[in-house]
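Architecture and fold: a report
Chain residues, written in single-letter form:
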Amino acid sequence: MLELIDIKKDYPLDKTRSVHALQGISLSFGESGLVAILGPSGCGKTTLLNIISGLDRYTSGDLVVDGVSTKRYKDRDWDDYRNKKVGMVFQSYNLISHLNIFENASIPLTLADEPKKEIRKKTEEALAAVGLADQASKHPNQLSGGQQQRVAIARAIINNPSIVLADEPTGALDSKTSVQVMDILSSLSKTKLVIMVTHNRELALSYADRIVSMKDGIVESDKPNEKKVKESTTGIADEKMLETLTTKIPVAKAEHVKKARMSFWTAFKMSFQNMMTKKGRTTITAIASSFGIIGVGLVLAVSNGFSSYVSRQETESLSKFPISIEQYGISTDTVDEESEDDTLPEYPDTDTVYIQKPSSYALHVNKLTDEYLDYVNDMDSSLYSSIKASYSVNANVITESFANGDSDPTYETIDTTPLSVLEDLTGSNSYWTQLPGDEDFIMSQYDLVDGTYPTQENQLVLVVDKYNSISQSTLEALGFNPDPDTGEYEGYKELTLEDLKDHDYKLISNDDYYTTDSSQANNTVLGLGLRNDKTYADYLDVEAEYSNLYANGDTPTDEEQMQVFEDFMSLFADITIPSAIQDDPSSFLTALALWYAANPLPSAESEYESYLEDFTAFLAGEGIDFSNYNFVDHLDTFVAPSSGTDRIEQLYDDSDTTLNIVGIVRPKSTTSLGILGDGVYYTSGLTDKVLADAKDSKIAGQANDYMMLDLATIADDFSSIADSSDLASLATGLLKFYSMFDANQTITADTYLSQRQKVGSEVGISSITVYPKDFDSKSEILAYLDAYNEGKEDSEKVVYTDIAGMFISSVGTMVNMISLVLIIFASISLVVSSVMIGIIIYVSVIERTKEIGTLRSVGARKKDVGRLFIMESVAIGLLAGVLGVVTTYIVSIPINIIVDHVYADYDIGSIAFLNPVAAIILISISALLTFIAGLIPSRIAAHQDPVKCLRSE
C-alpha cells in the first residue's frame, strides 16, 4: 500500500552545504496496523512523517502509494492525496480557533466538496465516534487538551483516509488522557494504517504493532512489537461508530474522483468568522477605510444633485429656447478676403494678418412640407420632450365682455394670431396659444391648481404664476374689462375656476366671419392674382431675393434692384425688359420715381384698378412689353366684423362651438423657466379643427395663389415718399410697392403673411418647434436636421434656428470637471485605506500561520489559502463600502436642509443625493480596491511552507 524507496531529504544551508535529514529510508507498510517510529530528537522522525504526508518533498528516491509512484505528482495531486488518503494528528492539535468543533472536524469534507447533508451526517458520526457529539457547537478554547486532540482525530478520520499520521499525539497530554488517545488510534489501526511518531517508548511498546527506530536520518531497526499488551479499553471511543467510519470503501476511478478544493463561500465564511473574532480591529479598519468612500460618495451625491438641478435648468431653458424651424430662416456665411478657401488655417506660421468680412445674413425661405414634418417626427423620441407643428391659420374667436358695473355685455374678437418662438422671445404678446407638448411634458413643469387638464378641442387651460396671479393685460386680452370710469378691476381682484368656466369663447368659421364690404376700408384685404404658372412659393423666393439685397446694411446696385424688379413683375405678367433699360437701370428707376411723384397712390380701393392701368401704360411707353398681364384680376375685399356691431353679436349667438377654460396650471416650485407664458392655451385638436375649416372655406379656395395686400397700410406707408423730392429715395421706395418690404423692413414678409392669415388663406406649416431633453440630445437633434440638407440645393434646404445655442452654458461641463477633480482628491484616501487594508491582511497572515499549515495538511490548495485572505480583504472592503454609503446618505440630509435654507429662493431641491446605482458602484469599487490590496498578502500566504507553518507558534 505504502512504500518508501531510498528516500533522501536534504535541507540546503547555502550554495555549497546541506543538512542530510534523511539518508536513504526504505520502508514498506501494510494496509492496517499501528506503526510507531521512535528515535531521539533530530533523527528525522517528523521529516519522514512530513514526506509521507506530502507536506514536504523528498530530494531523491520514491514514495509509492497503492502501487503508483509519486515522482510525477504536482502540487494539485499532493493536495488531493492529503485530503483523500491521509489524515493527520498533531501534538498541538492545530485546531482553528475561530471555528467551532463541528466546523473544525468538517474541514476535509468541505474541501472534498461533499454535499451539505453528507457533511453534517459524517461530521456528527465522527464526533460521536470520539465521544464529543455534545461538544459540536463549542470552540477549541472551551475544551480540554484531550478533547481537542480527539477533535483532531475526528478531523483526521472524517474522510475515511487509508493512512493516519500522528506526530507526537500524546506529547502535550497527561498520562490518563494519553491512554484515551492511544486507545482511539489503536482502534483505528484495525482497519487503517496508523503511523505514529513518538518519544514515549512505553506507549509505543504498549500499543504499536511494529516499531521502527531511527537515528541520524537512517532506520536503525524495523521489528514487529512482540511486547504489545494493550487494546482499546477506555470506552471513550465508540468502537462500532469507528468501525463504520473507517470501513474500507471501493476506490473510485480517477476520472470520477473530485479534486479537493475550497469554494468561494467556504473561504468567505471562514474569513468572516475570523473577522468576527476580531470585531474591534475589523470595525476600526472598516471605518478608516470608509472615509475614502464617504469622500467620493459625498462628491458624487453633490455632483448628482447639482447635475440634476442643472439638467432641470437645461430642460426648462430648452423649453423656453427650443430649436425653431420657421418659414423664414436666416442663413449665415463668412467670406475671407485673402484666402480662396472659406476657412482660414488655425494658428498659421506666418506674420500675415487676414481680414474677414462680417458674417453676412440672407433670408432663406424654408419649404415646410408635410414630408419634412414626417422626417422630423421620425427622429429618435428619446432625444426630445416634444415636437410642435404650428400653422399660419388664425382661429376666429368672439367672447362676451362685461365691464365692471355694466350688466349689458359687449362682444369683441380675441386675438389668436400664433406667434413663432422667435417672436415670443422678442417680446411679442400672444395670450391664445397652442400647448407645446403632451400632458406629461407640460405637467413635468407645472402643477394643476384646479380643474382638469384639457384633452379635447373645445377645452382651454389658464396659466398663472407662482402667486396664482395673472397680469392685467392677460385679463383684458381674455375679455375681462375694467370699470370704464375708474379703469380698475374691482370686481375681478379675485377669480375662481368657476368664474373662468362661465366665460364662453365662441369659434366662428372663415366663411361666416369674413364678408365683402368695401365700406370698411380700414379692414380691407385685397387679393392680386398671380400668373397661372406661378404660385405663392414663387413669390416667397422673390421676397427672399429682395430682402437679401439689404442684408447687413448693404446698399444694392441699380442692376441688382432691376433684377429683383423684373423677377417680381414676372409673377404677374410675361414681360420683356428692353436692353436699353437693362443697360441703364438708373435712368429707368428715375423715370419710375418721377411718374410716381406725378401719380400718387390712391387711397380708395375703387380707384386702384384704373391706377394700375395707368401704371401699365407708363411701363409700355418705356418699352416694356406686357403680352399677358393680369394686374387687375383681383379678389373681393374681405372684411372682419367690428367690435360692438350687431353682426359680431349675431355671430356669437349663432356659433355651434363653445370653448371653455377647464383648468388652471401653475409652475412647480422647482421650475424657474417655464415653457408656458401668461394666457390661455388650447390643444392641438383645436388647431386641427380650425385648419380643416380654413382649407374647406371659400376664401382659401380663392386666395391660395393670390397675393394678399392691405391697401390701407400700403397707402399710409407711401404717403411720405410721394412728397419727397429725393429721386433716389423715390426710386428705392417705389420698389417696395411691388415687393412689400424695403431696406428698413417697413413692410416685411411677416406683415404680408399676416394679411393671408387674416382671411384664412394661409393654411401651411408656419413653424416646427423641437424641445430637446438636454444639451447633449440637442446636439444629436441638430445633426439629424443637418442630415436632411445633405446633397440638396440651397433653395431646397431647411434652415433652423438654434435659439438655445445663443444661451449655451458650460455649467454642466464645469460641474463634471470639478466633480472629477474632487473625486481624484477623495480617491487618494481610498488608495491610502487600501494600502492600510493590505497591511492589516498581511498581519492576519502572520497571525494565522498555523492555520495555513493546518489547512494545507488536510488538502487545501495554495490558491485556497490565498482565496481565504482575499475573501477577508473583500469582506472588509464590502463592509467599508456599506459604511461609507450609509454615512453618505445620512450626511446628505443636513447638507440638503442647510442648502435649501440658505438658498430658499432658488428651489434647488435635493442638492446632495447619491444615486443608488452609484452607491452600488462605490461598494463594488471598495471591494475591488481591497481585493487588489489583498493580492500581495494572499500570495504570500499561499506560498508559505506548510511544514514551517505547522512549527510556528
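Worth saying up front: this structure is predicted, and the values here are computed from it rather than measured.

Conventions and cut-offs
- Residues numbered from 1 in each chain as written.
- Predicted model: local features only at pLDDT ≥ 70, side-chain atom pairs only at ≥ 80, totals over all residues.
- Heavy atoms only, no water.
- Pairing = 2+ DSSP bridges.
- Helix = DSSP H or I, 4+ residues; strand = E, 2+ residues; numbered from the N terminus.
- Contact = heavy atoms within 4.5 Å.
- Axes fitted to C-alpha atoms, helices over the stretch in contact; angles between N-to-C directions.
- Salt bridge = Lys/Arg side-chain N within 4 Å of Asp/Glu carboxyl O.
- Buried < 20%, exposed > 50% of the residue type's maximum accessible area, 1.4 Å probe, protein only.
- Patch = residues over 30% accessible without salt bridge, like charges linked within 9 Å, V, L, I, M, F, W, Y side chains within 5 Å.
- Areas by Shrake-Rupley, 256 points an atom, 1.4 Å probe, with all protein chains shown as cover.
- Lys, Arg positive; Asp, Glu negative; His and termini not counted.
- Charge placed at Lys NZ, Arg CZ, Asp CG, Glu CD.
- Expected span 1.5 Å × (residues − 1).
- Arc of directions from axis to C-beta.
- Core = buried A, V, L, I, M, F, W, Y, C linked by side-chain atoms within 4.5 Å.
- Left-handed = near helix turned anticlockwise from the far one by under 90°.
- Nonpolar A, V, L, I, M, F, W, Y, C, P; charged D, E, K, R; others polar.
- pLDDT = per-residue confidence, 0-100.
- Phe/Tyr/Trp six-rings, centres within 6.5 Å; stacked < 30°, edge-to-face > 60°.
- Lys NZ or Arg CZ within 6 Å of the ring centre and 35° of its normal.

**Quick notes on the sheet that holds strand β29 (residues 801-802)**
Sheet architecture is open: four strands sit in the order β14-β28-β11-β29, paired in antiparallel fashion. Every interior strand has two partners, whereas the edge strands, β14 (384-391) and β29, have only one. Direction of pairing for strand β11 (residues 323-326) relative to strand β28 (residues 765-772): antiparallel, over a ladder of four bridges. Following the sheet pairing, Ser324 is matched in β28 by Thr769. Strands in contact with helix α11 (residues 370-377) are β11, β14 and β28; relative to β28, the strand with the most contacts, it is inclined by about 5°. On top of the sheet, helix α28 (residues 775-789) reaches β11, β14, β28 and β29; it is set at about 25° to β11, its chief contact.

**A short note on the pattern of salt bridges**
One pass over the full model with this rule turns up 17 salt bridges. Between Asp66 and Lys85 there is a salt bridge, with its nearest N and O atoms 2.4 Å apart. In this pair, Asp66 is assigned in the loop between β4 (60-65) and β5 (68-69) and Lys85 in the loop between α2 (75-84) and β6 (86-90), connecting sequence segments 19 residues apart. Note on Asp66: relative accessible area 40%, which makes it partly exposed. When the shortest N-O distance is used, the salt bridge between Lys122 and Glu114 registers 3.8 Å. When its relative accessible area of 23% is taken as the criterion, Lys122 is described as partly exposed. Here the residues in one salt-bridge network are Arg57, Asp75 and Lys862, joined through shared partners.

**A word on a negative patch on the surface**
Taken together, Asp511, Asp512, Asp646, Glu649, Asp653, Asp654 and Asp656 make up a surface patch of like negative charges. Elements with a contribution of two residues or more to the negative patch: α16 (510-513) and α22 (646-654). Counting residues per element, the negative patch draws most heavily on α22, which supplies four residues. Among the secondary structure elements, Asp656 is positioned in the loop between α22 and β25 (657-667).

**Section: the pairing of β11**
Looking down a regular strand, the side chains alternate between one sheet face and the other. Residues of β11 alternate between two faces, with Ile323 and Ile325 on one and Ser324 and Glu326 on the opposite face, all of them buried. For β11 and β29, the ladder comprises two bridges, and the chain directions are antiparallel. Counted as the bridge partner of Ile323 is Asp802 from β29.

**What to know about α28**
Helix length check: α28 (15 residues) gives 22 Å between terminal C-alpha atoms against 21 Å at 1.5 Å per residue, within 8%. Within α28 the residues assigned to the buried category are Phe775, Ser777, Lys778, Ile781, Leu782, Leu785, Tyr788 and Asn789. Down the axis of α28, the smallest arc covering the buried residues is 140°, so these residues share one side. The first or second residue beyond α28 is Gly791, which carries a positive phi of 80°.

**Digging into the nonpolar core**
Ranked by internal contacts, the top residues of the largest apolar core, which has 45 residues, are Tyr372, Trp432 and Tyr505. For Tyr505, the residues in contact, after removing those within four places along its chain, are Val397, Ile398, Thr399, Ile414, Trp432, Leu460, Leu478, Phe480, Thr657, Thr658, Leu659 and Ile661. Counting 39 residues, the second largest nonpolar core, distinct from the first, contains Ala36, Phe102, Leu143 and Val181.

**Focus: unusual backbone geometry**
Of note in the backbone geometry, Tyr93 takes a positive phi value of approximately 70° without being a glycine. Take Tyr93: it is sitting in the loop between β6 and α3 (101-111). What makes Tyr93 buried here is its relative accessible area of 11%. Of note in the backbone geometry, Asn94 takes a positive phi value of approximately 55° without being a glycine.

**Some words on the packing of α11 against α28**
In contact at an axis separation of 10 Å, α11 and α28 are set at 145° when each is read in the N-to-C sense. With respect to the hand of their crossing, α11 and α28 are arranged in right-handed fashion. Residues Tyr372, Tyr375 and Val376 of α11 touch α28, and the partners they reach there are Tyr784, Leu785, Ala787 and Tyr788. Residues of the contact of α11 with α28, tallied by class, amount to seven nonpolar, no polar and no charged.

**A look at a nonpolar patch on the surface**
A cluster of nonpolar side chains, contributed by Ile287, Phe291, Leu879 and Leu883, occupies part of the molecular surface with about 340 Å² of accessible area. When contributions to the nonpolar patch are tallied by element, the ones reaching two or more residues are α10 (279-320) and α31 (862-902). Structurally, Leu883 can be placed in helix α31. Overall, Leu883 belongs to the partly exposed group, its relative accessible area being 31%.

**What to know about the confidence of the model for the protein chain**
Put simply, the protein chain has an average pLDDT of 77, and 74% of its residues get 70 or more. The least confident element of the protein chain, judged by mean pLDDT, is helix α26 (residues 727-739) at 41; the most confident is strand β8 (residues 193-197) at 93. Predicted confidence for residues 714-748 stays below pLDDT 50, and this span has 67 contacts to residues more than four positions away or in other chains.

**A closer look at the packing of aromatic side chains**
Evaluation of the coordinates by the stated rule reveals 10 aromatic pairs. Over the aromatic face of Tyr652 sits the side chain of Lys506, whose NZ or CZ is 4.4 Å from the ring centroid. Of note, Lys792 hangs over the ring of Tyr788, and the distance from its end group to the ring centre comes to 4.1 Å.

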